[in-house]
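Here are the chains, one letter per residue:
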Amino acid sequence: MVPMTDLLASPVARRLLGGFGANLLGKVWAMAIQLISVPVLTKAWGLDGFGIWRMISTIPAYLALSDFGLGTAAGIDITRSVAREDRPEALRAFQTVWLFLTAVTCGVAILVGLGLAIWLELAGASAAAGPSRGDIAITAIFVTLGALFGAQMSIRKVVYQATHKYALGTALNDLGFLAQGIVVIAVALSGGGIVAAAVAGAVATGAMLVIYARVLARLEPWCRIGFAASDRATLRRLLHPSLAAFALTAANSFGLQGVVLTIGWTMGPAVAAVFATARLMSRIPLQFSSLLTRASLPELTRALVAGNAQLVARLMRLNLALTAAVMVPAAAALALWGPQLLARLSGGEMQAGWLVLALLGLAALANGVWTTLGTRLLAMNRQSDYAWLVLGLYALVALSPFVAGGRLEFVAFVAAVVEVVVAAQIWIKQ
């Protein structure tokens, strides 16, 4: 058994603490932006306008689908290569994935932009209330552009993580989210509409991409943008684990963003705004329970490469303990005081029953458990062990509003059952 003093003094512990701190700071920023934006944007644009903004804001999640999970798989692969001090192999994986993802995401962004430009050209008169169809189209174009910048940051983030710079890479990436959120809120407070907010957000994200890339180039000069080291064999090797990671990304889009869209279509934008905000409240604790889990992923990969089973077990115990300590009290509090918190957060504009909040809290708790358990499998690029199950079940969540009869309780019930089933399955895999 390693003495506690030696453990705390170890490089692994210092990196974990640095990553935990960076994650904590980023989640505080994210929570502040998310909570402040609800009353500010609702007051500035109305409940329908805010609901439309939330629906458009799902675009980055769908653009993220275009990476086919290669970013996640490449991050694990690059970490393995760096752990073996094989920089040429790490560069080969990075350039292969960078070339592929840049081409695909740019192509998807162009298609989205062209489609929305055609819609803008054919759009008729403005709606009586809320943004016009033309404003919605322009907003979507700039949100897509910002998402494209964000995708470039995500590609580079895996190198930060693989080279013992998880804390720095996370802090800079989260700073980009903070900058984007601040400018959107500032635009709304100054009387600007959703178009101006989308433009400002894209500019802020683009500026942060420049900073992010320059810092990485200075710290890791071996990691060069280009295609000379890329090859098809590497792409084929990463394809199997990447497809499973893609399934998880698609599942996340179905279960989180997709259900907001289907609620908006079946029950209206105002109900979509209520559900999205209630679910945001339920999932805020997840951002804190996962602070150590995310920071430990590259450490788990290195420990597995080195065959250090003792360190793997210790990291998993720490992750599960933190998840339980955060999520169990949070789920109980949401069941007891959720409706009052929702009403206060929205300035009295949003109402939801206690059962909706209780079920969403249960769903978040189960999600925290299975995400933590799945980290060990993810660290070995074994996400295929559970990814396809998650994809199928989350698709059911996205479709549930069509048979819910206008009842948010039914949608929340389906979400909770799905998360519990996934948690049980991954527990069995352990």
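Look above for the structure.
In this report, we go over the structure that sits alongside the text. (Residues numbered from 1 in each chain as written. Predicted model: local features only at pLDDT ≥ 70, side-chain atom pairs only at ≥ 80, totals over all residues. Heavy atoms only, no water.)

Attention now moves to the pattern of salt bridges. In the structure shown here, the tally under the stated rule is eight salt bridges. Measuring nitrogen to oxygen at the nearest pair gives 2.6 Å for the salt bridge that ties R237 to D77. One end of the pair, R237, is in helix α9 (residues 232-267); the other, D77, is in helix α4 (residues 70-83), and 160 residues separate them in sequence. Taking the relative accessible area as the measure of exposure, R237 reaches 39% and is therefore partly exposed. Note that R302 and E299 form a salt bridge whose closest N and O atoms lie 3.1 Å from each other. Residue R302 and its partner E299 are located together in helix α11 (residues 291-306), separated by three residues, close to a single helical turn. (Salt bridge = Lys/Arg side-chain N within 4 Å of Asp/Glu carboxyl O. Helix = DSSP H or I, 4+ residues; strand = E, 2+ residues; numbered from the N terminus. Buried < 20%, exposed > 50% of the residue type's maximum accessible area, 1.4 Å probe, protein only.)

This model, assessed by the stated rule, comprises three aromatic pairs. Both rings, one in Y160 and one in Y212, keep their centres 4.7 Å apart while their planes meet at 40°; by these two values the pair is tilted. Of this pair, Y160 sits in helix α6 (residues 133-162) while Y212 sits in helix α8 (residues 194-219); the two residues are 52 residues apart in sequence, bridging distant segments of the chain. (Phe/Tyr/Trp six-rings, centres within 6.5 Å; stacked < 30°, edge-to-face > 60°.)

This part takes up helix α14 (residues 387-399). Between the first and last C-alpha of α14 there are 19 Å, a value that for 13 residues agrees with the 18 Å anticipated at 1.5 Å per step. Residues of α14 that are buried include every one of A387, V390, L391, L393, Y394, V397 and A398, and no others. Those residues of α14 that are buried lie in contact with α9, α13 (354-378) and α15 (408-429). (Expected span 1.5 Å × (residues − 1). Contact = heavy atoms within 4.5 Å.)

Here we take up unusual backbone geometry. For E85, which is not glycine, the phi torsion reads 60° and is therefore positive. Along the chain, E85 falls in the loop between α4 and α5 (87-122). Of note in the backbone geometry, N381 takes a positive phi value of approximately 60° without being a glycine. As for its position among the elements, N381 is in the loop between α13 and α14. Residue classification places N381 among the buried positions, given a relative accessible area of 12%.

Next up on the list: empty space enclosed by the protein. Empty space left among the atoms is revealed by rolling a probe the size of a water molecule over them. All told, the structure shown has three cavities of 30 Å³ or more when counted by the stated rule. Of the pockets and cavities examined, the second largest cavity occupies roughly 150 Å³. Contributing to the lining of the second largest cavity are 15 residues, with G255, L256, R279, A415 and E419 lying nearest its centre. Elements that contribute at least two residues to the lining of the second largest cavity include exactly α9, α10 (269-289), α13, α14 and α15. At four residues, the largest contribution of residues to the lining of the second largest cavity is made by α10. Here the lining of the second largest cavity is built from residues that sort into ten nonpolar, two polar and three charged. (1 Å grid on protein atoms, 1.4 Å probe; cavity = no way out; pocket = protein on both sides within 12 Å on 5 of 7 lines; lining within 4 Å. Points joined across faces, edges and corners; volume = space filled by probe spheres on them. Nonpolar A, V, L, I, M, F, W, Y, C, P; charged D, E, K, R; others polar.)

The next point concerns a nonpolar patch on the surface. A surface patch of nonpolar side chains, about 480 Å² in accessible area, is lined by W265, L399, F402 and V403. Positionally, F402 belongs in the loop between α14 and α15. (Patch = residues over 30% accessible without salt bridge, like charges linked within 9 Å, V, L, I, M, F, W, Y side chains within 5 Å. Areas by Shrake-Rupley, 256 points an atom, 1.4 Å probe, with all protein chains shown as cover.)

Take the state of the cysteines next. Taken as a whole, this structure holds zero disulfides when the rule is applied. The structure places no disulfide on C106, whose sulfur is separated from the nearest cysteine sulfur, that of C223, by 18 Å. Classification of C223 as buried rests on a relative accessible area of 9%. (Disulfide = S-S within 2.5 Å.)

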